[in-house]
Amino acid sequence: ELANCLVNGSAQWWFDVGGNRYNDPKLMGRIGELAKCASEALPLDRTSVDEVALIVDEKSLCYLRPGDPLGNWLLIGQLPALHRIGAPVGHYLVTDLPQLGDRKLFFLTTSFAPTTDDRKAIDTLKRDGHVLVFLGTPGLYRDGQADEQGMTDLTGIRLRLSRDPASVRVTLKGAHPLTDGLDGRVYGHEHKTFPIVYADDPDARVLGTLDDGRPGLVVRQHADWTAVYSSAPLLPADLMRRLAQLAGVHEYLDTPDVVWASENLVGVCVKDGGTRKIRLPGKANVRDLYTGAEIGKDVDSFDADFAERATRVFVVK
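Scope of this entry: the structure provided in the associated data block. (Residues numbered from 1 in each chain as written. Predicted model: local features only at pLDDT ≥ 70, side-chain atom pairs only at ≥ 80, totals over all residues. Heavy atoms only, no water.)

Further remarks concern the side chain of histidine 130. If you trace the backbone, histidine 130 turns up in strand S6 (residues 130-135). Overall, histidine 130 belongs to the buried group, its relative accessible area being 4%. Here the side chain of histidine 130 touches arginine 103 through a polar contact of 3.0 Å, landing on its backbone oxygen. Setting aside anything within four residues of it in sequence, one finds histidine 130 in contact with Gly101, Arg103, Lys104, Phe106, Leu125, Asp224, Trp225 and Thr226. (Helix = DSSP H or I, 4+ residues; strand = E, 2+ residues; numbered from the N terminus. Buried < 20%, exposed > 50% of the residue type's maximum accessible area, 1.4 Å probe, protein only. Polar contact = N/O pair within 3.5 Å; in protein donor to acceptor, adjacent residues only side chain to side chain. Contact = heavy atoms within 4.5 Å.)

Structural data, given as structure tokens:
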């Protein structure tokens, strides 16, 4: 009822800015329209359908030196690129892992000191073609003590520890499906820190090197899962999109836009205007949540026009 009053302009709402009172029917009408959309979305199945999981081990963050920018780069700094891989990404704590076995791609960015239970939970993911991506110093601490072997046990890649300060920056090498066309691309940061971890595994394929030439990005194929290790944070979106493809993640978009999806809703946010092709996991009837316009019936993909810096949400049933 309130939403209808707002849309029709019959509600008398005031808002205060700097001590001045304003009554803006257009703004109130827009709020009413969004309130109606929210009411319509409430009964829909909004269960997440993400197949990509960013895993945060918040207790391991205590092992970072105070003020070390690495924590920011591994978490907040990674998000802009991670959310532009064409697929929705879920954010979870390491304690959520026992409930996440149906995901396909896992980014373990801060697992410096996983507990015994955390290690077991991570080990259960090593199956069914899953791709596990480890960054920084994964598994370095075991029972509160530095244990170099703990990194290898956790990641499935033989890793080495160096206490000499070095830049956490990786230069990609081509000639591999994950890096084809990305030869020479640099990611990470020139900031020097320690310890530095690098790969030393003859069974792993080197995809990128640190500034001093040591392997900084590698991939190792196991019997039924894939291990990826990066010494540096801030992986580029193109690389992570290919990791998602390797894991068999459904790709809603092939453009660098942000996508969110649930069972009955798909939202897309773009920077540049234009037409986007949105691919669905299966056939569905699609309409625009905000306008109510029908987009398509029994379709597994559809085209949608976007204004610059726009967001559109679609009902998919």
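Moving on, we come to the sheet that holds strand S11 (residues 186-193). In space, the nine strands of this open sheet follow the order S4-S3-S5-S6-S15-S14-S13-S10-S11, with mixed pairing throughout. Edge positions in the sheet fall to strand S4 (89-93) and S11, since each has one partner strand and no second. For this sheet, the mean angle separating the axes of adjacent strands, direction not counted, is 20°. When strand S3 (residues 52-56) meets strand S5 (residues 105-108), the two strands line up parallel, connected through four bridges. Each bridged residue has a counterpart across the sheet, and for alanine 53 the counterpart in S5 is phenylalanine 106. Here helix H7 (residues 237-247) sits on the sheet in contact with S5, S6, strand S10 (166-172), strand S14 (215-221) and strand S15 (225-230), set at roughly 135° to S5. (Pairing = 2+ DSSP bridges. Axes fitted to C-alpha atoms, helices over the stretch in contact; angles between N-to-C directions.)

What follows deals with the nonpolar core. Judged by nonpolar contacts, the single largest core of 40 residues is most densely connected at Leu105, Phe107, Val133, Leu217, Leu235 and Leu243. Ranked by the residues each element gives to this core, the list is headed by H7, at six residues. Among residues more than four places away in sequence, those in contact with leucine 105 are Glu51, Val52, Ala53, Val131, Val133, Met240, Leu243, Ala244, Ala247 and Val249. Formed by 26 residues, the second largest nonpolar core is a distinct cluster that contains Ala53, Phe134, Met151 and Val218. (Core = buried A, V, L, I, M, F, W, Y, C linked by side-chain atoms within 4.5 Å.)

To continue, consider helix H5 (residues 116-123). Three- or four-residue spacings in an α-helix give side chains the same orientation, since the helix completes a turn every 3.6 residues. Taken together, the buried positions of H5 are occupied by Asp118, Arg119, Ala121 and Ile122. Buried residues of H5, seen end-on, are gathered within an arc of 160° and therefore sit on one face of the element. Opposite its buried face, H5 presents the exposed residues Asp117 and Lys120, each directed more than 90 degrees away. Each element contacted by the buried residues of H5 is listed here: S5, S6, strand S7 (141-142) and helix H6 (148-155). (Arc of directions from axis to C-beta.)

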